[in-house]
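Commentary on secondary and tertiary structure
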Amino acid sequence: MTQAFNRNPASFRDPAGFVFEKDGTIYRYISKSYKKQYLHLTESGLLNLLNKRQLLLPFTVASHIEHDSDCYAIIQPRPIPFLNYAWEWSFEQLRDAALTTLQICLTALEHQMILKDATHLNVQIIDGRAQFIDTLSFDFYKEGNEWIAYRQFCECFLNPLLLASYCGLEVHKMLRAWPEGIPAAITSSLLPFRSKLKLSVLLHVHLQAKVSSRKANATNENKKKHLSSAQLKNILLHLISCIEKLKYPEQTSIWSNYYKETILSQDYLLNKKEIISKWLSETNYKSAIDYGANNGEFSALCSKESFIVAADFDSRCIDELYVNLKNKSERNILPLILDLSQPSPSTGWNNEEHKTFLSRKKFDLGFALALIHHLSIGKNIPLKMIASLFADSVNQLIIEFVPKSDPKVADMLHHREDIFNDYTKEEFENEFSNYFVIFKKEIISGSERTLYFMNKRA
Amino acid sequence: MIQILYIDPGGGSYLIQVIIAAILGVAFYFKTGWNWVKSFFVKKQSEKSEEANDSGV
């Protein structure tokens, strides 16, 4: 019955409904089996409260879309500008996603509902904050029952956050390795002994690791015991307080003070900003991606009406940028962790559930500022391949060429053999001209670097 | 360890939640008691300081 819908490849697990695309718009199909839960969600005041608190991605009922006999309703969620995953998030982004999930569960509990799953895939960073997107995750709460998604929550959120906080590990790398979350037993073995002195970690990780390793039938021993809603609420509040108190150990990366300490000169920075601002004012764009955004200094030059993905491989920079943007309430910039030499792969069933970073969207405009030497000399990627990648991802490109005579490139070549005979300004222009038409070019004062503005060839 | 791979992902968390709820209940009981004791001393101290202020006037 439901074959006629163009189902999203990641939406097949939940019998309550699925996500589909029609004429470029995303809709959510709600089947009749979920009718009672959906009505309770919308009529008990829960939905209004969640919308008021900006925790849930808003949606409207799409009555104009044709239903089939199994369908109760079709809703149209607000469009998500760029799908993002936990393996591209920094510590603070994962923390916000965890707190959003817990707040939603707590609010649902007050309306006799509960979340039936608690994976990071239910949350997206949209408009500078974590928003819950899975409208079908709400189920009825029966007094005495446990939170069925408790273990999943700990594995997807609490455990990576604790490992980041206690061991300084990066959450995006952990969740790329464990996309379904890190089991308590592994977390327990990796956490230092001092973590056992903390009641929250002792209970939610170390004790859980011990209990979950018991035999399967042992889990039914205490089934007769009663877990009241007040006790469940206490567990949720305890998780919130534990996650809110976590600190990401301070550690400055070589890139975190780049513009304050490492940059060539203030004259160079000012002139570069001047040139880019002028070029931006002369062009039209709705979306942009800043490859190697660092602290987002250049992403911020874009128009406030445009949507910008500020990507960088340094998780500390992305973490700081996310917090700064949140404090300034700047919602049009989405900071994400992206290592261009190792972009997020396509994952999940049949490699179709989660798309690669680069294939998710084609941007009107791309920035590649002070980046080319890191790819070409730092990673041995030929100029031709760099040009080809950008041509696949953006229509217009503002790119900075950093010559070998530049002190930064000289530093890079200091301890290695110079095998980069093709790394010249002429060769750069030749290779990029195969994919782009260079229509503007300016030398940045205070440096030997050149800025180019180019359009993709038709 | 192999056995747990065959349990539903949500399974096995009932027992741990019951234990955590019980421990949190006890912890809360002691915390409330401790806060009560603390408030008693804080009150005493503030009263003392008030007295000191009064005598100073």
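The secondary structure content of chain A amounts to 15 helices and 15 strands. Relative to the compact-globule value of 23 Å for 458 residues, chain A shows a C-alpha radius of gyration of 25 Å, a close match. By principal-axis analysis of the C-alpha atoms, chain A measures approximately 75 × 60 × 40 Å. In chain A, which comprises 458 residues, the share counted as buried stands at 41%. Summarising the internal contacts of chain A: among those between residues at least 6 apart in sequence, 67% fall at separations of at least 24.

Let us now look at the sheet that holds strand β10 (residues 307–312) of chain A. Residue and element names in this part refer to chain A. Read across the sheet, seven strands follow the order β11-β10-β9-β12-β13-β15-β14 without closing on themselves; strand pairing throughout is mixed. Looking at which strands have only one partner, the edges of the open sheet turn out to be β11 (333–337) and β14 (436–443). Neighbour-to-neighbour, the strand axes of this sheet turn through a mean angle of 15 degrees, independent of strand direction. Running at roughly 20 degrees to strand β15 (residues 450–456), helix α10 (residues 266–281) makes contact with β13 (394–401), β14 and β15 of the sheet. Sheet contacts for helix α15 (residues 425–433): β13, β14 and β15; angle to β14, the most-contacted strand, approximately 150 degrees.

Residue and element names in this part refer to chain A. Within the open sheet, the four strands sit side by side as β1-β2-β4-β3. Their pairing is antiparallel. Each edge of the open sheet is held by one strand with a lone partner, namely β1 (17–22) and β3 (59–61). The average undirected angle you get between the axes of adjacent strands in this sheet is 35 degrees. Note: β3 against strand β4 (residues 71–77), three bridges, orientation antiparallel. Bridge pairing in β4 places T60 opposite Q76.

In this section: the pairing of strand β12 (residues 363–368) of chain A. All names here are of chain A. Of all six residues in β12, five are buried, a share of seventy percent or more. The pairing of strand β9 (residues 287–291) with β12 spans four bridges and is classified as parallel. When the bridges of β12 are listed, Y291 appears paired with A368. Bridge count for β12 against β13 is five bridges, and the pairing is parallel. Within β13, the residue paired with L365 across the bridge is Q396.

What follows deals with the nonpolar core. Here is a general trend for soluble globular proteins: nonpolar side chains tend to be buried in one another's company. Residues and elements named next belong to chain A. Grouped together as the largest cluster of nonpolar side chains are 127 residues, with contacts concentrated most on L94, L158, L161 and A368. Top element by residues in this core is helix α4 (residues 150–167). It accounts for ten residues. Apart from the residues within four sequence positions on either side, A368 is in contact with Y291, G292, F390, L397, I399 and E400.

We now examine helix α13 (residues 383–393) of chain A. All names here are of chain A. By the burial criterion, the buried members of α13 are L383, I386, A387, F390 and S393. What you see down the axis of α13 is that its buried residues fit within an arc of 135 degrees, all on one side. Those residues of α13 that are exposed and aimed more than 90 degrees away from the buried face are M385 and D392. Buried residues belonging to α13 abut β9, β12, α12 (372–378), β13 and α15.

All names here are of chain A. In the contact formed by helix α3 (residues 91–110) and helix α8 (residues 229–245), the axes pass within 10 Å of each other and the chain directions differ by 160 degrees. Here α3 lies roughly antiparallel to α8, going by the angle between them. In this structure, α3 crosses over α8, and the sense of that crossing is left-handed. Across from R95, A98, L99, L102, C105, L106 and L109 in α3, the residues of α8 making contact are S229, L232, K233, L236, L239, I240 and I243. When grouped by side-chain class, the residues that make up the contact of α3 with α8 number eleven nonpolar, one polar and two charged.

Below, the discussion takes up unusual backbone geometry. All names here are of chain A. Even without being a glycine, D23 presents a positive backbone phi close to 50 degrees. When you line up the elements, D23 lands in the loop between β1 and β2 (25–31). Even without being a glycine, S329 presents a positive backbone phi close to 55 degrees. Note that S329 resides in the loop between α11 (315–328) and β11. Overall, the presence of 9 C-beta atoms within 10 Å leaves S329 in the exposed class.

Let us now look at the pairing of β14 of chain A. Residues and elements named next belong to chain A. One ladder, built from seven bridges, connects β14 with β15; its direction is antiparallel. Looking at the pairing, K440 lines up with F453 of β15. The antiparallel pairing of β14 with β15 creates a hairpin that spans six residues between the two strands, and G446 there sits at a positive phi of about 80 degrees.

In this section: the confidence of the model for chain B. Looking at chain B as a whole, the pLDDT averages 68, with 53% of positions reaching at least 70. The complex prediction reports pTM at 0.90, with the ipTM value standing at 0.77.

Next up on the list: the environment of D339 of chain A. All names here are of chain A. By the secondary structure assignment, D339 is in the loop between β11 and β12. On the neighbour-count criterion, D339 (17 C-beta atoms within 10 Å) is partly exposed. When the C-alpha atoms of D339 and F82 are compared, they prove to be 17 Å apart, with 257 residues separating the residues in sequence.

About the criteria used
Residues numbered from 1 in each chain as written. Chains lettered and ligands numbered in written order. Predicted model: local features only at pLDDT ≥ 70, side-chain atom pairs only at ≥ 80, totals over all residues. Helix = DSSP H or I, 4+ residues; strand = E, 2+ residues; numbered from the N terminus. Rg over C-alpha atoms; globule rule 2.2 N^0.38 Å. Buried ≥ 20, exposed ≤ 12 C-beta atoms within 10 Å, placed from the backbone. Contact = placed C-beta atoms within 7 Å. Pairing = 2+ DSSP bridges. Axes fitted to C-alpha atoms, helices over the stretch in contact; angles between N-to-C directions. Core = buried A, V, L, I, M, F, W, Y, C linked by C-beta atoms within 7 Å. Arc of directions from axis to C-beta. Parallel < 35°, antiparallel > 145°, perpendicular 65-115°, else oblique. Left-handed = near helix turned anticlockwise from the far one by under 90°. Nonpolar A, V, L, I, M, F, W, Y, C, P; charged D, E, K, R; others polar. pLDDT = per-residue confidence, 0-100.

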